[in-house]
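Tertiary structure, described
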Amino acid sequence: MGTDFFVHKSSYIDENVTLGERTRVWHFCHISKGASIGENCNIGQNVYIGYDVKIGNNCKIQNNVSVYDGVELEDGVFCGPSCVFTNDLTPRAEYPKGLQGHLKTLLKHGATIGANATIVCGHTIGEYAMVAAGSVVTKDVPPYTLVAGVPAVKIGMVDEKGNIVSREEKK
């Protein structure tokens, strides 16, 4: 781990963590063993990064987000405040499956997850796709697609800058 990054004194960084240059880790965060965070990332207050999680360059993870093992963020991903990732479709406290039972979730380059959205594990959010605040994603989201609702459905298309370029007709 280099030295050209910032970690607030209230945060805890486990052993064998990689933090890229110009990355900032704010108050009350915990980054678990084996996690890798790229360059120029901003990790907001009270964020948990799980074991062996990979986060690309130029990502922004807002306050109160837990990125559990099995979740991967490519470059330029935005995670809004209090968005939720899962990693087990059928969890039981008395019968844990362990890491091998967790499903993988991939957020492709430039994807955005809105505040308080939930991403159910085992899905891919495509390049520059956008998940509206409060949505629950239960299936893959294609690139440049805007989804909203519970469960999330396609409501339009967005460009790389996040501009809505088309809207779906209500059925």
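Nothing here was measured: the structure is a model prediction, and the numbers come from that model.

Brief notes about the packing of aromatic side chains
- Scanning all chains against the criterion turns up 3 aromatic pairs.
- Ring centres of Tyr-48 and Tyr-68 lie 6.0 Å apart, and the angle between their planes is 50°; this geometry places the pair in the tilted category. Of this pair, Tyr-48 sits in strand E8 (residues 48-49) while Tyr-68 sits in the loop between strand E11 (66-67) and strand E12 (71-73); the two residues are 20 residues apart in sequence, bridging distant segments of the chain.
- Assessed through its relative accessible area of 23%, Tyr-48 is described here as partly exposed.

Side note on the pairing of strand E23 (residues 164-167)
- Bridge analysis of strand E22 (residues 153-158) against E23 gives 3 bridges, and the strand direction is antiparallel. Bridge pairing in E23 places Gly-156 opposite Arg-167.
- Two successive antiparallel strands, E22 and E23, enclose a turn made up of 5 residues, where Gly-162 displays a positive phi of approximately 90°.

Description of the sheet that holds strand E18 (residues 124-125)
- The sheet built from 6 strands is open, its strands ordered E3-E6-E9-E12-E15-E18 with parallel pairing. The outermost strands of the open sheet, each flanked by one partner alone, are strand E3 (18-19) and E18.
- Where strand E6 (residues 36-37) and strand E9 (residues 54-55) come together, 2 bridges link them in parallel fashion. Its bridge partner lying in E9, Ile-37 is registered against Ile-55.

What about the sheet that holds strand E21 (residues 145-148)?
- In spatial order, the strands read E1-E4-E7-E10-E13-E16-E19-E21-E22-E23; together these 10 strands make up an open sheet with mixed pairing. Both outer strands of the open sheet, strand E1 (6-7) and E23, are each paired with one neighbouring strand and no more.
- As judged from the 4 bridges shared by E21 and E22, these two strands associate in the antiparallel manner. Bridging from a neighbouring strand, Val-147 pairs with Lys-154 of E22.

Re unusual backbone geometry
- In this model, Val-150 is joined to Pro-151 through a cis peptide bond whose omega is -5°.
- Tracing the sequence through the fold places Pro-151 in the loop between E21 and E22.
- Unlike most non-glycine residues, Asn-16 shows phi in positive territory, near 60°.
- Structurally, Asn-16 is set in the loop between strand E2 (12-13) and E3.
- Relative accessible area serves as the criterion here: at 56%, Asn-16 is assigned to the exposed category.
- Of note in the backbone geometry, Asn-46 takes a positive phi value of approximately 60° without being a glycine.
- Mapped onto the fold, Asn-46 is located in the loop between strand E7 (42-43) and E8.
- Take Asn-46: its relative accessible area is 40%, and that puts it in the partly exposed class.

About the cut-offs
Residues numbered from 1 in each chain as written. Predicted model: local features only at pLDDT ≥ 70, side-chain atom pairs only at ≥ 80, totals over all residues. Heavy atoms only, no water. Phe/Tyr/Trp six-rings, centres within 6.5 Å; stacked < 30°, edge-to-face > 60°. Helix = DSSP H or I, 4+ residues; strand = E, 2+ residues; numbered from the N terminus. Buried < 20%, exposed > 50% of the residue type's maximum accessible area, 1.4 Å probe, protein only. Pairing = 2+ DSSP bridges.

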